[in-house]
Structure formats: C-alpha cells, structure tokens
Amino acid sequence: MHKLIQEHRKRFGDFEVIEFVDEEKIEALRNDIDVDVPLELNWTWNYGSEVKELRNLYEKGKVNQWNAETDLDWSVPVSRDEFIVNPEASLLAQATRLMGKDEVTQKAAAFDEINYLLSQLLHGEQAALQLCGQLTNVCDKMDEKWYAASQVIDEARHIEAFAKFMQRKMGTIYPIGGTLKVLLDILLRAESAQKKTLGMQTLFEGMAVGIMDFMRSQCRTPLLAELLRRVEQDESRHAAFGVLMMRRVVREASTDEKNELEDWAFSILEALNANQQLDMLHELGPKYDIDPEQITRAFLGMEQWATVNSIPFMHTVIPNLRNLGLITERTQAQWRRVGMMVESAPGVKGVPVAAAG
Ligand SMILES: [Fe+2]
Ligand SMILES: [Fe+2]
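Residues numbered from 1 in each chain as written. Chains lettered and ligands numbered in written order. Predicted model: local features only at pLDDT ≥ 70, side-chain atom pairs only at ≥ 80, totals over all residues. Heavy atoms only, no water.

Any chance you could explain the coordination of the iron ion (ligand 1) here in plain terms?
When a metal carries six donors in an octahedron, the ideal angles between them are 90 or 180 degrees, while four donors in a tetrahedron ideally lie at 109.5 degrees. Looking at the metal site, the iron ion (ligand 1) is ligated by Glu125 (OE), Glu155 (OE), His158 (ND1) and Glu235 (OE), spaced 2.0 to 2.2 Å from it. Note that the iron ion (ligand 1) binds four donor atoms; their angles at the metal cover 87 to 152 degrees, and the shape is irregular. Written as a sequence motif, the donor arrangement for the iron ion (ligand 1) is E-x29-E-x2-H-x76-E. Here the iron ion (ligand 2) and the iron ion (ligand 1) are spaced 3.1 Å from one another, each receiving a donor from glutamate 155. Taken together, the residues glutamate 155 and histidine 158, both in helix α5 (residues 142-170) and three residues apart, mark about one turn of the helix. (Donors = N, O, S within 2.8 Å, 3.2 Å for Na, K, Ca; no water. Tetrahedral: all angles 85-135°; square planar, octahedral: opposite > 155°, others 65-115°. Helix = DSSP H or I, 4+ residues; strand = E, 2+ residues; numbered from the N terminus.)

Mind showing me how you'd approach helix α11 (residues 292-300) here?
Because each turn of an α-helix spans 3.6 residues, side chains separated by three or four positions end up pointing in the same direction. Of the positions making up α11, those classed as buried are Pro292, Ile295, Thr296, Phe299 and Leu300. Buried residues in α11, looked at end-on, bunch into an arc of 135 degrees, giving them a common side. Measuring from the backbone nitrogen of glutamate 293 back to the side-chain oxygen at the start of α11 gives 3.1 Å, which picks out aspartate 291 as the cap. (Buried < 20%, exposed > 50% of the residue type's maximum accessible area, 1.4 Å probe, protein only. Arc of directions from axis to C-beta. Polar contact = N/O pair within 3.5 Å; in protein donor to acceptor, adjacent residues only side chain to side chain.)

So what exactly am I meant to see when it comes to the packing of aromatic side chains here?
Geometry of an aromatic ring pair is reported as the spacing of the ring centres plus the angle between the planes. For the structure on display, the rule yields six aromatic pairs. A ring pair is formed by phenylalanine 15 and tryptophan 305, whose centres lie 5.4 Å apart and whose planes are at 75 degrees; its orientation type is edge-to-face. In this pair, phenylalanine 15 is assigned in strand β2 (residues 15-18) and tryptophan 305 in helix α12 (residues 305-309), connecting sequence segments 290 residues apart. Given a relative accessible area of 9%, tryptophan 305 falls into the buried group. Here the aromatic rings of tryptophan 43 and tryptophan 45 are separated by 4.9 Å at their centres, their planes lie at 25 degrees, and the arrangement is stacked. The exposed category is assigned to tryptophan 43, whose relative accessible area is 63%. Positioned above the aromatic ring of tryptophan 74, the side-chain terminus of arginine 168 is 4.9 Å from the ring centre. (Phe/Tyr/Trp six-rings, centres within 6.5 Å; stacked < 30°, edge-to-face > 60°. Lys NZ or Arg CZ within 6 Å of the ring centre and 35° of its normal.)

Would you take a moment to explain the coordination of the iron ion (ligand 2) for this structure?
Distances from the iron ion (ligand 2) to its protein donors, namely Glu155 (OE), Glu205 (OE), Glu205 (OE), Glu235 (OE) and His238 (ND1), fall within the range 2.0 to 2.3 Å. Read N to C, the donor residues that coordinate the iron ion (ligand 2) are spaced as E-x49-E-x29-E-x2-H. The exposure class assigned to histidine 238 is buried, which follows from its relative accessible area of 0%.

It is not clear to me how unusual backbone geometry should be interpreted in this structure. Could you clarify?
For residues that are not glycine, phi is negative in most cases, and the peptide bond is trans in most cases. Within the chain, isoleucine 5 stands out as a residue other than glycine whose phi angle is a positive 55 degrees. Checked against the element boundaries, isoleucine 5 lands in the segment before β1 (9-12). Assessed through its relative accessible area of 9%, isoleucine 5 is described here as buried. A positive phi angle is found at aspartate 289, which is not glycine, with a value near 55 degrees. Judged by its relative accessible area of 54%, aspartate 289 is exposed.

What should I look at first to understand the nonpolar core in this one?
One broad rule of soluble globular proteins: the nonpolar side chains tend to lie buried together. Leu198, Leu203, Phe204, Ile318, Leu321 and Trp335 are the most contacted members of the largest nonpolar core, which totals 65 residues. Excluding anything up to four places from it in sequence, phenylalanine 204 contacts Leu180, Leu183, Leu184, Leu187, Gly199 and Ile268. Ala161, Met166, Leu224 and Leu227 belong to the second-largest nonpolar core, a separate cluster that totals 27 residues. (Core = buried A, V, L, I, M, F, W, Y, C linked by side-chain atoms within 4.5 Å. Contact = heavy atoms within 4.5 Å.)

In this structure, what is going on with the pattern of salt bridges? I would like to understand it.
Working definition: two side chains of opposite charge can pair if their charged atoms are close together. Inspection of the entire model under this criterion finds 31 salt bridges. When the shortest N-O distance is used, the salt bridge between arginine 230 and glutamate 226 registers 3.0 Å. Highlighted residues: arginine 230 and glutamate 226, both in helix α8 (residues 222-252), separated by four residues, approximately one helical turn. Linked through salt bridges whose partners overlap, the residues forming this network are Lys3, Arg9, Arg11, Glu16 and Glu270. (Salt bridge = Lys/Arg side-chain N within 4 Å of Asp/Glu carboxyl O.)

In structure tokens, the structure reads:
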C-alpha cells in the first residue's frame, strides 16, 4: 500500500516513524499558506428537504449554538503551578519524573505539552473551517449545504474558543507540526467530495472527538474541561454528518472505489500515527533535556503500548469506519500491526448518530 510522507520515515525497531527534523523544511511547510484547492461548485434548484437525517442535524446545530465569549467563565484561573491534567496522562510529566526532575518542572512540562496539543487542535479547527466551507460548494443537495454552512460557524467558534484560551490563559500558540500540515493539506486538496468528507468529517473529526474526550477525562482545569465539553458536543454532530454522508457514498460505490476509500483512510491515519508525538517532542524536548528518539523508543517498547496508543482511534473513528464498511477483513490486520486497533479498549463506542441527529 502507498505510504504517505515517505521522505521523513525511519525505523525505530519494528515500527516505522515519521520524523521531521530539518527546521528549514518545517518552516517551508508552514510558510506554504497559499494552497491551490480543486473545487467543483454545484448549484441546486431543489430547495425542499431531501435527506431527513441531515435536516434534523442542521436543526439540532441551530438549537445548540453557544457563545465562546459569554458561555465560558473566563474568570476561572489557569495555573502553571498546578497539574493542568493528571500527570499520568502527560508524556512529558512522566518523562521528567523518571528523570528525577522536581514537581515544579513536571507541572511545567505537562502544561507545555497540553499547550502544544491544544495548538495543534486549533490548527486542525482552521482546516475544518476551510474544508467545511468547500463542502458548501461541492455538496449537491440543499440539506448538505445548509448543514455544512452550520458547521462553518461551529468551527469558527472552536477557533475562537481555543485561540482565546491559549492567548488569555496559556500565553502561547505553538506553530503547526510538519506531519499535521502535510495531512491537512492533503484533505483540503482532495479532488472529490467523497474524499473531502471522509478525510475531514470521518477521520479528523473522529480523531478530534477521541483526543478531546481523553483530554477532558484527565483534565484538572475546570475552564478547559468545560471548553472541551462544549466543543466535543459540536464535534460529535460533525462526525455524525460524516457518517451519514459516507454511508450513502459507500452504498453507491463500486468495489474498486470502496477499496480505494478504505486504503486512503488507512494511509492518512497511519501517517498521523507514525509521527507518534515526535513533532511535539522536537519542539519541547530540548527545554526539558528530553531526547525525542529515546523517549519514543521507550514508549514503543512498552508492553501496553498498543492499548494506550489506540485509545483516541478506538474511541470514535475506528468504530465508525467499521460500521461504514471501510475497515474490512482485507485491511484490519494493518490497523492492528501499527497499534491503531486493538481487540477492545476502555470506552469504545461509535459516534452516536441517533443521539446527534
Ligand atoms: Fe471543530
Ligand atoms: Fe468539527
């Protein structure tokens, strides 16, 4: 199968990682802000509702609007002197503890790690805003256009909420990691509406829900927990849109087309997984005398590695792909081999389409 980002791959034992080390190349990726994207615009003259579930989702989106400025209590303090999340949930807190660093350093390391992760979620939110804007053009039914338009305002609100949280409470927004930039550009540049929808709505929205839900479960900061809860509620609606759209696409696809979508979904998430946390470790590791390669090899060597590693994947995106028929007998061994899928993991569930719709 074709693997993405070949030029940055190397082997750590049995595992193939993607590692960006050349600062100039990363900078060039970040400076590539003028991206050509193919768009096929579809008019429709049918203004009635054709897809009832999508209309319901749109109605639900209208009712559940919220205001990032007034619905969050921005007076709640966030402190570097306390663990922002449980230390067990922070790779850098664990690493600094094992290195014998004091608790002040462990707390600062956890704070920086969450700050980095939130920054990447923020950049992902910008991609979602832009991709969803594309969907208002490429979708051919009015229900889809209305729904996509309602998601555009959700994504703007998510950008607002995350950006304000970091500007007001954390002080830093870290730049986008190389792996994420490449993958988001692939989604934004995807030629077909099917791939745009699968890539953003099913894969990245599904991952976002998994990551945010885990972060929220480990969060010790009430303001962040509330922010995540609200964003997550919107994201599960977005992932439900992905499932509803892709269900129809898969039903209408030929075997070859379906296989192509299945392989493409794997290649995107495989690349995301192959980075492990190396982009973060290259950014923050030096500050805490942490060697990115050493800590990643240690993590990959853990007995429970696959169980821990698969948590955000098993949460939403894998159950959804399975339900859609986009992880089949043909490919599931690959998902297991790279630690994205395990037999069962705590908290496994698909996106609650019925609940969201
Ligand atoms: Fe979002
Ligand atoms: Fe979203």
